[in-house]
Amino acid sequence: MQTFPGVGVSPGRIIGTVRQMPKPISEPPAGEQLAGDTSAEEATAGLKAAAAAVHDELKTRAETASGDGKAVLEATALMAKDTMLLKNAAKLIGRGTSAQRAIWEAGASVSEMLHNLGGYMAERATDVLDVRARIVAELRGVPAPGIPSASTPFILVAEDLAPADTATLDPEKVLALVTAGGGPQSHTAIIARSLGLPAVVAAAGVDELADGTEVYVDGAAGSITTDPDDSQRAAAEAWATNASLLAVFDGKGATADGHLVPLLANVGGGKDAVAAAGLNAQGVGLFRTEFCFLERDTEPTVEEQAAAYKSVFDAFPGKKVVLRTLDAGADKPLPFLTDATEPNPALGVRGYRTDFTSPGVLDRQLQAIALAEKDSEADVWVMAPMISTAEEAAHFASMCTAAGITNPGVMVEVPSAALTAESILREVGFASLGTNDLTQYAMAADRQLGPLANLNTPWQPAVLRLVGLTVEGSRAEGNNKPVGVCGEAAADPALAVVLTGLGVNTLSMTARSLAAVAAVLKTVTLAEAQQLAKLALSAPSATEARAWVREKLPVLEQLGL
Amino acid sequence: MPERIATIASRSGLHARPAALFAEAAGEVGVDVTIAMQGDPEDDALDAASILSLMTLGAAKGDVVVLRAEGDGADAALDSLVKLLETDLDAE
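Residue numbers run consecutively from 1 along every chain, following the written order of its sequence. The naming scheme follows written order: chains are lettered A onward, ligands numbered 1 onward. In keeping with the model being predicted, local features are shown solely for residues with a pLDDT of at least 70 and side-chain atom pairs are shown and tallied solely at 80 or more, while totals for entire chains, interfaces and linings include all residues. Each side-chain value is derived from all of the structure's non-hydrogen atoms; neither hydrogens nor water enter the calculation.

### Overview of the overall build of chain A
Tallying secondary structure elements over chain A gives 22 helices and 16 strands in all. Dimensions of chain A, computed from the C-alpha atoms along their principal axes, are close to 80 × 60 × 40 Å. The proportion of buried residues among the 561 residues of chain A is 55%. The long-range fraction of contacts in chain A, counting pairs at least 24 apart against all pairs at least 6 apart in sequence, stands at 68%. Carbon and sulfur atoms make up 54% of the accessible area of chain A, which amounts to about 22,600 Å² in all. Between the mean site of the 43 positive side-chain charges and the mean site of the 66 negative ones, chain A shows a separation of 2 Å. Every helix listed is a DSSP run of H or I at least four residues long, and every strand listed is a run of E at least two residues long, numbered separately from the N terminus. Each residue is assigned to one of three classes by its accessible area relative to the maximum for its type, calculated with a 1.4 Å probe on protein chains only: buried under 20%, partly exposed between the two thresholds, exposed over 50%. Contacts are residue-level and defined by heavy atoms, with any inter-residue pair within 4.5 Å sufficient. To measure how exposed things are, a 1.4 Å probe is used in the Shrake-Rupley method; for residues, cover is taken only from the protein chains shown. Residues scored as positive are Lys and Arg, those scored as negative are Asp and Glu, and His as well as the terminal groups of each chain are ignored. The atom standing in for a charge is NZ when the residue is Lys, CZ when it is Arg, CG when it is Asp and CD when it is Glu.

### Examining the sheet that holds strand S8 (residues 223-226) of chain A
All names here are of chain A. A pair of strands is treated as paired once DSSP finds two or more bridges between them. Judged by pairing direction, the sheet is mixed, and its eight strands sit side by side in the order S1-S8-S7-S3-S4-S5-S6-S2 without closing on themselves. Looking at strand neighbours, the two that pair on one side only are strand S1 (3-5) and strand S2 (7-10), the edges of this open sheet. Within the sheet, the average angular offset between the axes of one strand and its neighbour, ignoring direction, is 30°. As judged from the three bridges shared by S2 and strand S6 (residues 199-201), these two strands associate in the antiparallel manner. A fitted line through C-alpha atoms represents every axis, and for helices the fit uses only the stretch in contact; the resulting angles, taken between N-to-C directions, go from 0 to 180 degrees.

### Things to note about the sheet that holds strand S16 (residues 506-509) of chain A
Each strand in a sheet pairs with its neighbour through backbone hydrogen bonds, running either in the same direction (parallel) or in the opposite one (antiparallel). Residue and element names in this part refer to chain A. Reading around the barrel, the eight strands line up as S9-S10-S11-S12-S13-S14-S15-S16 and close back on themselves, with parallel pairing between neighbours. Taking each pair of neighbouring strands and ignoring which way they run, the sheet shows an average axis angle of 30°. Pairing geometry for strand S14 (residues 430-433) and strand S15 (residues 483-485), over three bridges, is parallel. Across the sheet, residue Ala-431 finds its bridge partner in S15, namely Val-483. Strands in contact with helix H13 (residues 390-403) are strand S12 (379-384) and strand S13 (408-412); relative to S13, the strand with the most contacts, it is inclined by about 145°.

### Focus: the pairing of S12 of chain A
Put simply, side chains in a regular strand alternate between the two faces of the sheet. Residue and element names in this part refer to chain A. When you tally the buried positions in S12, you get five out of six residues, the bulk of the element. Of the pairings in the sheet, the one linking strand S11 (residues 320-324) to S12 comprises five bridges and is parallel in character. Bridge pairing links Val-321 to Val-380 in S12. Two strands pair when backbone bridges link them, and S12 and S13 are joined in this way by three bridges, in the parallel orientation.

### Focus: the environment of Glu-24 of chain B
Counting through the fold element by element, Glu-24 of chain B comes out in helix H1 (residues 16-27). Classification of Glu-24 of chain B as partly exposed rests on a relative accessible area of 26%. When the C-alpha positions of Glu-24 of chain B and Ala-49 of chain B are compared, they lie 6.3 Å apart, and in sequence the two are 25 residues distant. If sequence neighbours within four positions are ignored, Glu-24 of chain B has contacts with Lys-59 and Leu-78 of chain A.

### What about the side chain of Ser-388 of chain A?
Residue and element names in this part refer to chain A. Residue position: Ser-388 is located in the loop between S12 and H13. Relative accessible area serves as the criterion here: at 12%, Ser-388 is assigned to the buried category. Polar contact is the term for a pair of N or O atoms within 3.5 Å; when the atoms are in protein, one must be able to donate a hydrogen and the other to accept it, and sequence-neighboring residues count only if both atoms are side-chain atoms. There is a polar contact of 3.3 Å between the side chain of Ser-388 and the side chain of Arg-353. With near-sequence residues (within four places) excluded, Ser-388 lies in contact with Arg-353, Val-414, Ser-416 and Ala-417.

### Structural notes on the packing of aromatic side chains
Residues and elements named next belong to chain A. Aromatic pairing here means that ring centres of Phe, Tyr or Trp (its six-membered ring) are within 6.5 Å. Orientation follows from the plane angle: under 30 degrees is stacked, over 60 is edge-to-face, and everything else is tilted. By the definition in use, this model includes five aromatic pairs over all chains. A ring pair is formed by Tyr-352 and Phe-356, whose centres lie 5.9 Å apart and whose planes are at 85°; its orientation type is edge-to-face. On the basis of relative accessible area, Tyr-352 is assigned to the buried category, the value being 4%. Ring centres of Tyr-352 and Phe-396 lie 6.4 Å apart, and the angle between their planes is 85°; on these two criteria the pair is classed as edge-to-face. Residue Tyr-352 is found in the loop between S11 and helix H11 (354-357), and its partner Phe-396 is found in helix H13; the two are separated by 44 residues along the sequence. Each member of the pair, Tyr-352 as well as Phe-396, carries the same accessibility label: buried.

### Here we look at the interface of chain B and chain A
Taken together, the 13 residues of chain B in the interface contact 18 residues of chain A. Using a 1.4 Å probe, buried area is obtained as the accessible area two parts lose upon being combined, added over both of them. Here chain B packs against chain A, burying approximately 1,400 Å² in sum over the two surfaces, 71% of which is carbon and sulfur. It is Leu-52, Met-55 and Thr-56 of chain B that lose the most area in chain B upon contact with chain A, and together they represent 41% of the buried surface on that side. Here, a salt bridge means any Lys or Arg side-chain nitrogen found within 4 Å of an Asp or Glu carboxyl oxygen. Counting across the chain B and chain A interface gives one salt bridge. Here Glu-24 of chain B ties to Lys-59 of chain A by a salt bridge, and the two come within 3.0 Å at their closest N and O atoms. Along the contact surface separating chain B from chain A lie five residue pairs in polar contact (both at pLDDT 80 or more). For the side of chain B that touches chain A, the elements supplying multiple residues, two or more each, are H1 and helix H2 (51-57) of chain B. Side-chain classes follow a simple rule in which Ala, Val, Leu, Ile, Met, Phe, Trp, Tyr, Cys and Pro form the nonpolar group, Asp, Glu, Lys and Arg form the charged group, and the remainder, Gly included, forms the polar group. Across the side of chain B that touches chain A, the residue classes tally to six nonpolar, five polar and two charged.

Here it is in structure tokens:
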């Protein structure tokens, strides 16, 4: 038996067999020449055959895909047999370069050309690199990069997953996600929670496990064990039973003594909203409007936007829907708003700040929201992401008023906003804490980096203190303006108790987590939650804060959370 | 050499989906077709069946391009491709 410790990011106990995500394709050595007995003609013909095979494979995948994914796959398939790419490579082969090195260099120069054109073309630059890697894999006779296909369900093990991998991740085939890299806020974690898959990240060494190895994964404890024993088999069986119980939320978030904590859902569009309503979410705490337009290279019209927003409002008649204005930038670029060449995009022109460089887009979005609200029955709240100062909050509020929106608010993600919450809340009606970015900025630790996983957790006492300061700011302002949490922190049942104890009014999370959070919340009184919040704040480290709080919540172990 | 002039009708210009559709069509007409911005020298013309060339050409909505082809069926091929360029492919 061998155990790999990692960071648990999505609960669940499961036994299954490992399938490794193929390793990224390594660069063919610079200066690699044609093998002695291979002519340039033979090498070129081999390259063309490999390119054709990649084209056919992508084309087949495009046939079964739908929507935007289909269009991307179709365009990528065409790139595989693109004459410009292949002719450039053939020229290099003619000069004696090996086929692998030739396609590698040809892909690099085309990709750079597209990158330099900026905007939509820059986005496609990575597609060229993907095609290049697939052709090299074909030439080497190794598996193509990407999620392996298999007929039986498996535990997917990877270095880390990219947002693009999710398009091809089939939740019917994947039992759990395990990564050697990545952090608690990485895309792997977000994907796992939204699909309800157990997941462990930053488990060093798991990428050495052989395909077909049977392992036990505990997504709450954060560990992977080979040769599972009887107690682990029993735990996996118990989880299978509990999982069905934990899948039902009765639509009433409250503590044991009846203190109400409405539990809301994070959604990215109408389809998510309908699913969240089906899981009894008490409203929407975060509608990520940019997710409606991620594949777009031009600004959607006011009418298009209004239709997209109304589809979410209509899923929650009479209930609260908090809409976040376009949060473009950093890991979610929108070509019509963001500059792909910024050296430091997480600290760049993103979120509300895009109004500085692309004025008008936000005004038109607010008009679209007002238009959608007019013929809907939802209680619509609107907030701006990445607000840093009270001045910005005041300006956003005036823009909302001009558009006829009555309840403007702000996201608290930048530490300066938490520190000045009192003056910010004088300008707007509510605040919502985005704990993912708040953690990344408070700890100065990139969300996507595995080596920084221990810094990048909302259990950091510094982050909890910023949450507490935001609540205190609201109390000092004097009008009981609501403070919610809509980051991934709210989906962690133990942390949800701490946030409630800190005085947060509402918790918004991926809809799959509602039932587990509700089940744990109703086992504690408000006074107990306040005690646990104090305990967490007093901890010297994130690890101890988490361990101390979990120790006082035995229900977590019983439920396998 | 037969040539035709066409004005790009697709809203997003000649990239994204319109470029993919056009490149695929140009690859299936049976003759080699080149594309260049109007006024550019013929030597700078790019392969119309290459989606990457089309993307680097960067033709926007309203831009005028020149298509050229030689050989059997060149005229018919050019006519069908002009029609495609002058359709708003984003609207489909």
